[in-house]
Amino acid sequence: MRITIDLKIFLFALIFVITNQIEIYAILMIYAVIHELGHLVCGLILKLKPESFNITPFGLQISFKADLDLYNTKVKKGTKVCLKRMILAIAGPLTNFLIVFILMALNNVGINVNNILLGETAIYANILIGIFNLIPIYPLDGGRILKEIINIRSGMKKSYYYINKISNITMICLMFISSILLLYIHNIAILIILAYLGYLVIRQNKIYKNFVALH
């Protein structure tokens with residue numbers, strides 16, 4: 001099993017220290033790690049084998065060993081594996097929303113949770129992480145779920161084609177929305193998130209071009 005650390009995490013931490021947002025960043029990182037642990041537990045239940053752990057500025061990323069015969073088998077088996085991947089992708093955001101439900105339930109029954117890791121900030125952090133990961137940009141969870149749905153309905157090639165187009169269109173829309181937000185909310189976190197999503201889209205565009213060249 002391979003474990004790697006992205007050194008940009010220290011740069012990000014420094015930026016948030018300078019902008020007095022390190023506390024919020026720390027909370028987001030903690031729950032981002034729990035988000036990935038949701039994927040890990042789900043993967044183990046589905047009998048998938050973890051391949052690597054990558055510590056990044058946006059949390060922990062866990063990857064599992066790929067089924068190399070996925071698209072060379074009968075449709076029934078391929079569909080089954082696609083469904084497994086969908087369940088695996090859903091597990092992360094579901095973990096965050098489950099935490100939100102638990103924290104809100106504690107508040108509703110009169111239990112006052114003042115701890116910063118369990119209070120209102122934690123609720124908003126988990127909502128943000130859950131929604132962020134459901135954005136239809138591959139390889140975010142939302143992009144993975146959508147890709148597998150297209151894969152089941154139309155096959156591998158079309159799933160790569162459509163998810164690549166959807167990711168690029170979504171990125172353009174987010175850039176437009178973010179530009180407007182920056183006029184009213186002068187927060188460097190918006191630029192950092194936008195830069196991260198842009199990096200994902202550019203990287204996946206290169207991977208898609210290689211895929212087209214090979215097929």
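Note on numbering: residues in each chain are counted from 1, in written sequence order. Only residues with pLDDT of at least 70 are given local features in this predicted model, and only at 80 or more are side-chain atom pairs given and counted; all residues enter the totals for whole chains, interfaces and linings. To obtain the side-chain values, all non-hydrogen atoms of the structure were included, while hydrogens and water were left out.

(A) Region of interest: a nonpolar patch on the surface. Patches were defined on residues exceeding 30% relative accessible area and lacking a salt bridge, with like-charge contacts within 9 Å and nonpolar side-chain contacts (Val, Leu, Ile, Met, Phe, Trp, Tyr) within 5 Å. For accessible areas, the Shrake-Rupley method is used with a probe of radius 1.4 Å. Any residue's cover is judged against the shown protein chains and nothing else. The working definition used for a salt bridge is a side-chain nitrogen of Lys or Arg within 4 Å of a carboxyl oxygen of Asp or Glu. A cluster of nonpolar side chains, contributed by Phe176, Ile177, Ile180, Leu181, Leu183, Tyr184 and Ile185, occupies part of the molecular surface with about 760 Å² of accessible area. Between buried and exposed lies partly exposed: a residue is buried under 20% and exposed over 50% of the maximum accessible area for its type, with that area taken using a 1.4 Å probe on protein chains only. A relative accessible area of 36% places Leu181 in the partly exposed class.

(B) Looking closely at the side chain of Ser159. Put simply, DSSP H or I for four residues or longer makes a helix, DSSP E for two residues or longer makes a strand, and each gets a number counted from the N terminus. Mapped onto the secondary structure, Ser159 falls in helix H6 (residues 156-184). Within the local environment of Ser159, its side chain forms a polar contact with the backbone oxygen of Met156, the two atoms lying 2.6 Å apart. The criterion used for residue contact is that any of the two residues' heavy atoms lie within 4.5 Å. Discounting chain neighbours no more than four positions away, the residues touching Ser159 are Lys147, Ile150 and Asn151. Under the rule applied, a polar contact is a pair of N or O atoms within 3.5 Å (in protein, one hydrogen donor and one hydrogen acceptor; residues adjacent in sequence only if both atoms are side-chain atoms).

(C) Local environment of empty space enclosed by the protein. The rule is simple: put a 1 Å grid over the protein atoms alone, call a set of points where a 1.4 Å probe fits but cannot get out a cavity, call an open set with protein on both sides within 12 Å along at least five of seven lines a pocket, and count a residue as lining if it has an atom within 4 Å of a point. Grid points are joined across faces, edges and corners, and a volume is the space filled by probe spheres set on the points. Per the counting criterion, the structure on display carries one cavity of 30 Å³ or more. Its volume calculated, the largest cavity comes out at about 70 Å³. As for the largest cavity, its lining consists of Tyr138, Lys147, Tyr160, Ile163, Asn164, Ser167, Gln204, Ile207 and Tyr208. The set of elements that each furnish at least two residues to the lining of the largest cavity consists of H6 and helix H7 (188-214). Broken down by element, the lining of the largest cavity gets its largest block of residues, four residues, from H6. By the convention adopted, Pro, Cys, Tyr, Trp, Phe, Met, Ile, Leu, Val and Ala count as nonpolar, Lys, Arg, Asp and Glu as charged, and the other residues, Gly among them, as polar. In terms of residue class, the lining of the largest cavity is built from five nonpolar, three polar and one charged.

(D) Highlighting the packing of helix H1 (residues 8-18) against H7. Here, axes are lines fitted to C-alpha atoms. For helices the fit covers the stretch in contact, and angles between N-to-C directions go from 0 to 180 degrees. In contact at an axis separation of 11 Å, H1 and H7 are set at 160° when each is read in the N-to-C sense. The angle between H1 and H7 places the two elements in the roughly antiparallel class. When you trace H1 past H7, the crossing you get is right-handed. Contact residues: H1 offers Phe12, Ile15 and Phe16, while H7 offers Ile188, Ala189 and Ile192. Throughout this description, any angle smaller than 35 degrees is read as roughly parallel, any larger than 145 degrees as roughly antiparallel, any in the 65 to 115 degree range as roughly perpendicular, and the remainder as oblique. The sense of a crossing depends on the near helix, which, turned anticlockwise from the far helix by less than a right angle, makes the crossing left-handed and, turned clockwise, makes it right-handed.

(E) Structural context of unusual backbone geometry. For the peptide bond that leads from Tyr138 to Pro139, omega is 15°, which places it in the cis range. Backbone geometry places Lys47, a non-glycine residue, at a positive phi of 65°. Relative to the helices and strands, Lys47 resides in the loop between helix H2 (22-45) and strand S2 (50-56).

(F) Quick peek at the sheet that holds strand S3 (residues 59-64). For two strands to be treated as a pair, DSSP must find no fewer than two bridges joining them. Read from one edge to the other, the open sheet built from three strands follows the order S1-S2-S3, with strand pairing classed as mixed. Only two strands of the sheet have a single partner each, and these edge strands are strand S1 (2-5) and S3. Pairs of neighbouring strands in the sheet enclose a mean axial angle of 15°, with direction left out of account. Looking at chain direction, S1 and S2 are connected through four bridges and run parallel.

(G) Focus on the pattern of salt bridges. Applying the stated criterion to the full structure yields one salt bridge. The salt bridge partner of Glu148 is Arg85, with a shortest N-O separation of 4.0 Å. With Glu148 in helix H5 (residues 141-154) and Arg85 in helix H3 (residues 75-108), this residue pair connects regions lying 63 residues apart in the sequence.

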